[in-house]
Amino acid sequence: MSIKLKPLNEQVIVLTGATSGIGLATARAAAEAGARLVLAARDGDALDTLAHEMRQRGAEVATVSADVGVAADVARIGQAAVDKFGRVDTWINDAGVSVFFWGVVNGSLEAVRLLKAHGGGALINIGSEASDRSIPLQGTYSASKHAVKAFTESLRMEVEKDNAPISVTLIKPAAIDTPFAQHAKNYMKQEPTLPPPVYAPELVAKTILYAAENPERDLFVGGRAKAISMGAQLVPRVLDKVMNATVFRQQQSDKPSSPNRRDALHDPVPEQELRQRGNLSPNPAENNLYTSLQFHSGATKTVLLGGALLAAAWAFTRKPKRKVWPA
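Residues numbered from 1 in each chain as written. Predicted model: local features only at pLDDT ≥ 70, side-chain atom pairs only at ≥ 80, totals over all residues. Heavy atoms only, no water.

## Let's talk about the overall build of the protein chain
Link 1 in the chain: Looking only at helices and strands, the protein chain features 11 helices and 9 strands.
Link 2 in the chain: Within the protein chain, buried positions represent 54% of all 327 residues.
Link 3 in the chain: Long-range contacts, defined as pairs at least 24 residues apart, comprise 75% of the intrachain contacts of the protein chain with a sequence gap of at least 6.
Link 4 in the chain: Summing over all exposed atoms, the protein chain offers an accessible surface of approximately 14900 Å²; the carbon and sulfur share of this is 54%. (Helix = DSSP H or I, 4+ residues; strand = E, 2+ residues; numbered from the N terminus. Buried < 20%, exposed > 50% of the residue type's maximum accessible area, 1.4 Å probe, protein only. Contact = heavy atoms within 4.5 Å. Areas by Shrake-Rupley, 256 points an atom, 1.4 Å probe, with all protein chains shown as cover.)

The structure is reproduced here in C-alpha cells:
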C-alpha cells in the first residue's frame with residue numbers, strides 16, 4: 001500500500017519522553033515546524049514548563065503526565081490527543097528509563113488503534129545501535145532495544161497484512177549527547193559515559209521528523225550506528241574483539257561515581273529535566289554525512305551511503321583519546 005504522510009505543519013504529533021534529551025529536542029523542533037503536539041512524560045511540572053515555553057512561541061500543545069509502562073496511562077495520552085485535536089498523525093515512542101520495552105509496546109498498540117481510526121499516519125519507535133548489536137556493560141539495555149526492534153518488525157508486518165496506511169519506522173541512534181548516562185542506574189565505581197563519536201540530540205530529532213513525513217523502514221543516526229550494524233552482520237567475532245579492546249574503557253569516565261548519586265530509574269529527577277544535552281563530549285557532532293544522505297533517494301543515495309559507511313567504519317576503528325573530566 002502506498003502511504004502518504006502529511007507535512008509537519010499539518011500534523012498532530014504524540015511524543016513520549018518529551019522533557020529530556022532526544023524527546024525534548026524533537027518536541028522543540030516539531031513545534032518550530034508548526035506541528036500540534038501532545039507531549040507526555042512522568043514529570044508534570046517539567047511538562048508544564050515546556051508547554052508554556054512552546055505556547056509563548058505560538059505552538060498548540062497538550063500535555064499528559066504519564067508512565068508509558070502503564071497501559072492505562074498510555075490510553076490517556078491517546079485520549080488527550082483525540083479530545084484536544086481530534087486525531088493523531090504521528091506517534092513517537094521515545095520514553096524509556098526503567099521500562100524501555102513495555103512502554104514501546106503500550107505506545108505502539110495505542111498508536112496503531114488511533115492511526116487506523118483516523119486515516120493512517122506514522123508510528124516511530126526509538127531503538128539504538130544496540131538494537132542490532134549488544135554492548136558490553138549494557139546488556140539489559142541492549143536486550144530491551146533488541147526487543148524493540150523485534151516488536152517493531154512484527155508490528156510492521158501485521159499492519160501491512162491489515163492493509164492499514166501506517167508507516168512504521170525504527171530509528172537507530174549511535175551515542176547521543178543527552179542526559180542518558182546521568183539518568184542511568186550505575187553500579188560501576190566510575191561515572192558512566194558513552195563511547196565516541198558522540199552525536200548531538202538535534203540530529204536525532206531531525207531524523208525523527210523526517211520519518212514523520214517520509215515512510216522509511218529503518219533510519220540510522222550517526223555513521224557509527226550503521227557501521228556497528230553492518231559489523232554485527234558481516235564480522236561479528238571481529239567486532240567482539242574490537243569492543244573488548246575499546247568499549248569497556250570508553251563507557252567509564254575518569255570521574256568517580258558518588259555514593260549520593262541520583263538516577264531516573266524509578267522516578268524522574270527534577271534537576272535533570274528539560275535538558276537536551278548531557279555534556280558527554282565537549283564537541284558532539286552537530287551534523288553527520290551518513291545520516292544526511294539517508295534523506296536522499298535513488299541510486300545516488302546508495303552510492304553515497306556506501307562511501308560514507310566506509311568512512312564511518314574507519315573512524316570507528318581509530319584509537320580514541322582518553323577523556324579527562326573536570327573535578
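So that's the structure; there's more coming.
## Description of the pattern of salt bridges
Link 1 in the chain: Considering all chains together, one arrives at 16 salt bridges under this definition.
Link 2 in the chain: Two residues, K172 and D132, come together in a salt bridge whose shortest N-O distance is 2.9 Å. With K172 in strand β6 (residues 166-173) and D132 in the loop between β5 (121-126) and α5 (139-161), this residue pair connects regions lying 40 residues apart in the sequence. Grouping residues by exposure puts K172 and D132 together as buried.
Link 3 in the chain: Across the pair E191 and R261 runs a salt bridge, and its minimum N-O distance is 2.6 Å. Here E191 is found in strand β7 (residues 190-192), whereas its partner R261 is found in the loop between β9 (252-256) and α10 (289-293), with 70 residues between them in sequence. (Salt bridge = Lys/Arg side-chain N within 4 Å of Asp/Glu carboxyl O.)

## Focus on the side chain of N125
Link 1 in the chain: Here N125 is to be found in strand β5.
Link 2 in the chain: The exposure class assigned to N125 is buried, which follows from its relative accessible area of 0%.
Link 3 in the chain: Side-chain polar atoms of N125 contact the side chain of N93, separated by 2.7 Å.
Link 4 in the chain: Among the polar contacts made by the side chain of N125, one reaches the side chain of T152 at a distance of 3.0 Å. (Polar contact = N/O pair within 3.5 Å; in protein donor to acceptor, adjacent residues only side chain to side chain.)

## Structural notes on the packing of helix α1 (residues 21-32) against helix α7 (residues 201-213)
Link 1 in the chain: Direction vectors running N to C along α1 and α7 enclose 60°, while the axes themselves pass 8 Å from each other. It follows that α1 is oblique to α7 by the angle criterion. Every pair of crossing elements has a handedness; the one defined by α1 and α7 is right-handed. Counting all contacts with α1, which are made through G21, I22, A25, T26, A29 and A30, the residues of α7 involved are P201, E202, V204, A205, I208 and L209. (Axes fitted to C-alpha atoms, helices over the stretch in contact; angles between N-to-C directions. Parallel < 35°, antiparallel > 145°, perpendicular 65-115°, else oblique. Left-handed = near helix turned anticlockwise from the far one by under 90°.)

## Brief notes about the sheet that holds strand β1 (residues 12-16)
Pairing between sheet strands relies on hydrogen bonds along the backbone, with the strands arranged either parallel or antiparallel.
Link 1 in the chain: Across the sheet, 7 strands lie side by side as β3-β2-β1-β4-β5-β6-β8; this open sheet has parallel pairing. What marks the edges here is a single partner per strand, and that holds for β3 (61-65) and β8 (218-221). Within the sheet, the average angular offset between the axes of one strand and its neighbour, ignoring direction, is 15°.
Link 2 in the chain: Sheet analysis places β6 next to β8, joined by 4 bridges and oriented parallel. In the strand pairing of β8, P173 is matched with V221.
Link 3 in the chain: Packing of α5 onto the sheet brings it into contact with β5 and β6, and relative to β6 it is tilted by some 160°. (Pairing = 2+ DSSP bridges.)

## Structural notes on the confidence of the model for the protein chain
Link 1 in the chain: Overall, the prediction assigns the protein chain a mean pLDDT of 89, with 87% of residues at 70 or greater.
Link 2 in the chain: Ignoring residues within four places in sequence, the model shows residues 319-327, a span with pLDDT below 50, making 16 contacts including any to other chains. (pLDDT = per-residue confidence, 0-100.)

## Observations regarding α5
Link 1 in the chain: Between its first and last C-alpha atoms α5 spans 33 Å; for 23 residues at 1.5 Å apiece the expected length is 33 Å, and the two agree.
Link 2 in the chain: For α5, the full list of buried residues reads Y141, S142, S144, K145, V148, F151, T152, L155, R156 and V159.
Link 3 in the chain: The positive-phi residue at the C-terminal boundary of α5 is N163, with phi of around 60°. (Expected span 1.5 Å × (residues − 1).)

## Section: the nonpolar core
Link 1 in the chain: Judged by nonpolar contacts, the single largest core of 38 residues is most densely connected at I13, L37, L39, M54, I124, I171 and I208.
Link 2 in the chain: Going through the elements one at a time, β1, α1, β2 (36-41), α2 (44-56), β5, α7 and β8 are the ones with two or more residues in this core.
Link 3 in the chain: In contact with I171, other than residues within four places in its own chain, are I124, N125, I126, G127, S128, V204, T207, I208, A211, L219 and V221.
Link 4 in the chain: Core analysis: the second largest hydrophobic core is formed by 31 residues, V74, V104, V105 and L123 among them. (Core = buried A, V, L, I, M, F, W, Y, C linked by side-chain atoms within 4.5 Å.)

## Here's the deal with the packing of aromatic side chains
Link 1 in the chain: Taken as a whole, this structure holds 3 aromatic pairs when the rule is applied.
Link 2 in the chain: Taking the centre distance of 6.1 Å and the plane angle of 85° together, the rings of F101 and F151 count as edge-to-face. Highlighted residues: F101 in helix α4 (residues 100-117) and F151 in helix α5, separated in sequence by 50 residues.
Link 3 in the chain: Using a relative accessible area of 22% as the deciding quantity, one classes F101 as partly exposed.
Link 4 in the chain: In textbook terms, an aromatic cluster arises when at least three aromatic residues are bridged by ring pairs, as seen for F101, W102 and F151. (Phe/Tyr/Trp six-rings, centres within 6.5 Å; stacked < 30°, edge-to-face > 60°.)

## Examining helix α3 (residues 71-85)
Link 1 in the chain: Compared with the 21 Å implied by 1.5 Å per residue over 15 residues, the 21 Å span of α3 between its first and last C-alpha is a close match.
Link 2 in the chain: Among the residues making up α3, those that are buried are D73, V74, I77, G78, A80, A81 and F85. The buried residues of α3 occupy an angular sector of 150° when the element is viewed end-on, so they sit on one face. Facing away from the buried side of α3 by more than 90 degrees, the exposed set consists of A72 and D83.
Link 3 in the chain: Taken from the residues just after α3, G86 is the one with a positive phi, measuring 90°. (Arc of directions from axis to C-beta.)

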